[in-house]
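Topology and contacts: notes
Below, each chain spelled out in residue letters.
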Amino acid sequence: MPANRFNGFTDLGVGIGLRVPHYQHILSRKPTVDWFEIISENFLVDGGRPREVLDQILEQYKVVMHGVSLYFGSPEKPDREHLKKLKQLVRLTKTPWLGDHLCWGSVDGTYTHDLLPLPYTKATAKVAAEKIRFVQEYLEIPVIVENLSSYAEFNASTMTEWEFLSEVVEAADCGILLDVNNIYVSSLNHGFDPYHYVDSVPRHRVAQMHIAGHSKFERFVIDTHDAKPIDEVWKLYAHAIARVGRTATLLEWDAKVPSFEEVKTEAEKSRKWLDAVSATHTSSHTSGDAHRGLVGL
Amino acid sequence: MNAFEEVKSKAQLKKLQRAFAEIIRRPLRDNDSMIADRRSSNIISPNQVLSAHERLELYARQYWWRIKDSLYEDFPGVRKVLGEALYHQVAEAYLIARPSTSFTLRNLGKSFPEFLKKSKLIPIPVRNLAFEVALLEWDKIDVFDAAQGTPPSDSTPANARLTLSPALRIRALRYPAHRIIRGSVGESDSGTDHEQTSNTVSAKRKVKPKSGRISVKPKPTFLATHRYRGLIYFKELTRNEFALLSAIQTSRSLTVALKAWRPTGVAKAQIDSIVGDMFKEWGALGWISVNPGKRSPGLT
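Residues numbered from 1 in each chain as written. Chains lettered and ligands numbered in written order. Predicted model: local features only at pLDDT ≥ 70, side-chain atom pairs only at ≥ 80, totals over all residues.

**Here's the deal with the overall build of chain B**
- Assigned secondary structure in chain B consists of 11 helices and 6 strands.
- Split into buried and exposed, the 300 residues of chain B put 37% on the buried side.
- Counted over contacts in chain B with a minimum sequence separation of 6, partners at least 24 positions apart contribute 70%. (Helix = DSSP H or I, 4+ residues; strand = E, 2+ residues; numbered from the N terminus. Buried ≥ 20, exposed ≤ 12 C-beta atoms within 10 Å, placed from the backbone. Contact = placed C-beta atoms within 7 Å.)

**Quick look at the overall build of chain A**
- For chain A, the count of helices and strands is 10 helices and 13 strands.
- Counting only C-alpha atoms, chain A reaches 50 × 45 × 45 Å along its principal axes.
- Expressed as a percentage of the 297 residues in chain A, the buried residues total 55%.

**Some points on the interface of chain B and chain A**
- Counting from both sides, the interface comprises 55 residues of chain B and, opposite them, 54 residues of chain A.
- Put simply, the parts of the chain that give the side of chain B that touches chain A at least two residues each are α1 (10–25), α2 (40–43), β1 (44–45), α3 (52–74) and α8 (189–192) of chain B.
- Of the residues belonging to the side of chain B that touches chain A, the class tally is 24 nonpolar, 18 polar and 13 charged.
- As defined by bridge partners, strand β8 (residues 153–154) of chain A adjoins β1(B) across 2 bridges and the pair is classed as antiparallel. Counted as the bridge partner of A:E153 is B:S45 from β1(B). (Nonpolar A, V, L, I, M, F, W, Y, C, P; charged D, E, K, R; others polar. Pairing = 2+ DSSP bridges.)

**Description of the sheet that holds strand β4 (residues 221–228) of chain B**
Residues and elements named next belong to chain B.
- Here we have 3 strands laid out as an open sheet, ordered β3-β4-β5, and antiparallel in their pairing. The sheet is open, and its two edges are formed by β3 (168–173) and β5 (231–237), each paired on a single side. The average angle at which neighbouring strand axes cross in this sheet is 20 degrees, direction not considered.
- Judged from the 7 bridges that link them, β4 and β5 form a sheet pairing that is antiparallel. (Axes fitted to C-alpha atoms, helices over the stretch in contact; angles between N-to-C directions.)

**A word on the environment of A:A238**
All names here are of chain A.
- By the secondary structure assignment, A238 is in helix α8 (residues 231–244).
- A tally of 24 C-beta atoms within 10 Å means that A238 is categorised as buried.
- Taking the C-alpha atoms as reference points, A238 and I57, 181 residues apart in sequence, are found 30 Å from one another.

**Notes on the pairing of strand β6 (residues 110–116) of chain A**
Residue and element names in this part refer to chain A.
- By the criterion of burial, β6 is predominantly enclosed, with 6 of the 7 residues buried.
- When strand β5 (residues 104–107) meets β6, the two strands line up antiparallel, connected through 3 bridges. Counterpart to W104 in the pairing with β6 is L116.
- Between β5 and β6, which pair antiparallel one after the other, the connecting turn spans 2 residues, and D108 there sits at a positive phi close to 55 degrees.

**Regarding the pairing of strand β4 (residues 98–101) of chain A**
Residues and elements named next belong to chain A.
- Because side chains alternate across β4, one face comprises the buried residues L98 and D100, and the other comprises G99 and H101, equally buried.
- Pairing between strand β3 (residues 63–66) and β4: 2 bridges, direction parallel. Each bridged residue has a counterpart across the sheet, and for H66 the counterpart in β4 is G99.
- With respect to chirality, the unit in which β3 leads through helix α3 (residues 80–93) into the neighbouring parallel β4 is right-handed.
- Direction of pairing for β4 relative to strand β7 (residues 143–146): parallel, over a ladder of 4 bridges. The residue bridging L98 from the neighbouring strand is V143, located in β7. (Right-handed = clockwise from strand over helix to strand, strands pointing away.)

**Observations regarding the sheet that holds strand β13 (residues 248–252) of chain A**
Residues and elements named next belong to chain A.
- Spatially, the 8 strands close up into a barrel ordered β1-β2-β3-β4-β7-β9-β10-β13, and their pairing is parallel. Strand after strand, the sheet turns through a mean of 30 degrees between neighbouring axes, direction not considered.
- Where strand β10 (residues 206–212) meets β13, 5 bridges bridge the pair, whose relative direction is parallel. Following the sheet pairing, Q208 is matched in β13 by A248.
- Strands in contact with helix α6 (residues 180–190) are β9 (175–179) and β10; relative to β10, the strand with the most contacts, it is inclined by about 60 degrees.
- Lying on the sheet, α8 is in contact with β9 and β10; it crosses β10 at an angle near 170 degrees.

**What to know about helix α2 (residues 48–60) of chain A**
- In a regular helix each residue adds 1.5 Å, so 13 residues correspond to 18 Å; α2(A) covers 19 Å between its end C-alpha atoms and thus fits that length.
- The set of residues buried in α2(A) consists of A:G48, A:R49, A:P50, A:V53, A:L54 and A:I57.
- Where the residues of α2(A) are buried, they touch α1 (23–29), β2 (35–39) and β3 of chain A together with α7 (124–144) and β4 of chain B. (Expected span 1.5 Å × (residues − 1).)

**Section: the confidence of the model for chain A**
- On average, residues of chain A carry a pLDDT of 93, and 93% of them reach 70 or more.
- Low pLDDT (under 50) marks residues 283–297 of chain A, which in the prediction has 22 contacts with non-local residues, meaning those over four places away or in another chain. (pLDDT = per-residue confidence, 0-100.)

**Notes on α1(B)**
- The terminal C-alpha atoms of α1(B), which comprises 16 residues, lie 22 Å apart, in line with the 22 Å expected from a rise of 1.5 Å per residue.
- Contacts from the buried residues of α1(B) go to β5, β6 and α4 (122–139) of chain A together with α2 and α3 of chain B.

**Things to note about the confidence of the model for chain B**
- Confidence in the prediction of chain B, expressed as mean pLDDT, is 89, and 88% of residues score 70 or more.
- As a predicted assembly, this complex carries a pTM of 0.91 together with an ipTM value of 0.92.

**A few points about the environment of B:I181**
Residue and element names in this part refer to chain B.
- Within the secondary structure, I181 is located in the loop between β3 and α8.
- The exposure class of I181 is buried, given the 20 C-beta atoms found within 10 Å.
- Residues I181 and K259, 78 residues apart in the sequence, show an inter-C-alpha distance of 36 Å.
- When sequence neighbours within four positions are dropped, the list of residues in contact with I181 reads G77, V133, L136 and E137.

This is the structure in structure tokens:
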């Protein structure tokens with residue numbers, strides 16, 4: 001879905017995560033970038049360098065907010081101060097949507113600062129959906145939820161992750177930030193078919209995609225965002241784009257961050273699939289299965 | 001059926017999350033292994049290669065590495081005062097006693113200075129210095145992203161209340177603690193930016209070899225920590241400067257502040273000229289700010 005109500009009817013193209021090591025390059029060279037994704041929490045401050053940088057970025061670029069601490073799966077109400085600051089930032093950045101993770105991370109008023117997995121049950125989905133609705137109404141913009149990479153599964157789960165994600169977004173009436181790398185990482189850790197996952201999510205709700213690199217260890221795979229996406233992730237991305245349609249895409253690179261140009265070059269690889277699908281997708285939806293292996297890396 | 005096998009209500013979800021958090025928040029052993037908990041296999045299912053314990057251990061490591069790393073970066077001066085080994089002991093004790101209550105990692109060290117002040121893990125002679133160094137390091141974090149405030153101008157109403165800029169902290173210290181904090185002048189991007197990312201994993205910090213402790217002799221010190229053109233600086237103050245800045249910070253008007261100010265070693269005839277010089281410098285540094293919405297009974 002190129003533009004839908006979950007991404008504010010936008011068609012942003014290829015984005016790059018705004019990261020501290022690149023500030024100087026971006027501000028001095030003003031490179032061409034479709035849009036930047038910011039981690040909201042890094043800018044929920046009253047002033048100083050973070051806000052000065054953001055103000056300069058906003059003069060030149062479109063910015064989308066992506067959060068890491070709304071914890072939709074934690075039953076507690078969101079922190080008032082947090083929400084208030086988020087809303088101020090939403091107004092400042094004019095972000096067309098706000099993304100955060102379908103996870104939990106706080107309990108009894110204390111925070112783990114991690115994106116922890118949820119037990120996939122109807123009751124959990126209800127908790128998450130209510131919180132997403134609350135946040136969405138408060139912020140007055142579309143909220144989209146991102147699937148996690150995870151390393152553990154709960155005995156209490158009664159459905160698959162993709163069934164759970166679908167249950168939540170339908171109940172919350174929100175969009176999906178489909179992280180293709182996270183699907184791939186979790187598929188290896190939990191032994192499911194990542195293509196089946198992609199084929200099972202409600203495609204009309206996908207508002208944005210993430211791609212990233214990860215690290216493979218002997219017995220598990222960890223989401224590290226410290227390298228280029230591997231070919232298998234690009235293949236899965238191509239499949240997802242073929243199924244969903246042209247979708248705003250962002251490359252996440254958070255550790256061992258290389259030069260801005262290197263990140264940009266890697267992110268731009270997604271454009272060929274975006275452009276290819278936008279040419280064909282307008283006439284009819286093509287089956288995603290037909291696009292497996294449609295990768296020219 | 002065990003207590004965590006079913007999540008059919010909000011209460012059951014919360015109970016499960018509470019147990020999960022308790023398990024991963026127990027300090028890791030020296031080899032980074034997680035302490036065994038019989039609830040692990042009740043909560044988490046194993047896969048073909050990892051047990052429930054091992055799967056949770058990935059989260060336990062992540063939790064501890066992330067928060068320890070954050071505190072480590074924020075308090076380099078405290079590390080120098082305590083030495084690496086004692087620092088790690090105290091930091092872990094702090095993170096157990098005061099788990100984060102803020103949505104942002106930026107605030108993780110907010111209570112660290114007070115914790116150090118009372119920590120019995122630290123020998124008394126070192127404790128006071130560690131406390132003051134931590135205070136200044138927290139001030140740096142606070143000042144880095146504080147609002148600048150509105151400097152007074154020709155259009156400022158005559159009855160506007162003046163106060164100190166939020167990007168300025170003043171301290172009366174027992175030690176010249178700022179001398180411990182290397183690189184305090186002209187911080188680079190990486191020094192104070194608290195960047196959170198959306199990935200779920202960070203690498204473990206490599207432990208530095210044991211280093212000696214650094215100390216300074218006690219000496220009454222008045223200090224300003226302030227932001228100027230995006231960078232954080234320490235500036236030593238005279239006793240008179242500190243007293244007037246304190247009075248401005250706490251008084252309901254500048255007139256009251258000036259009346260409360262008792263400068264030492266200054267002849268009465270010189271006061272106006274000294275105050276004028278101080279305000280000229282503080283104005284240039286952006287230290288004086290108009291308190292929005294507040295009006296004082298008399299601005300002179």
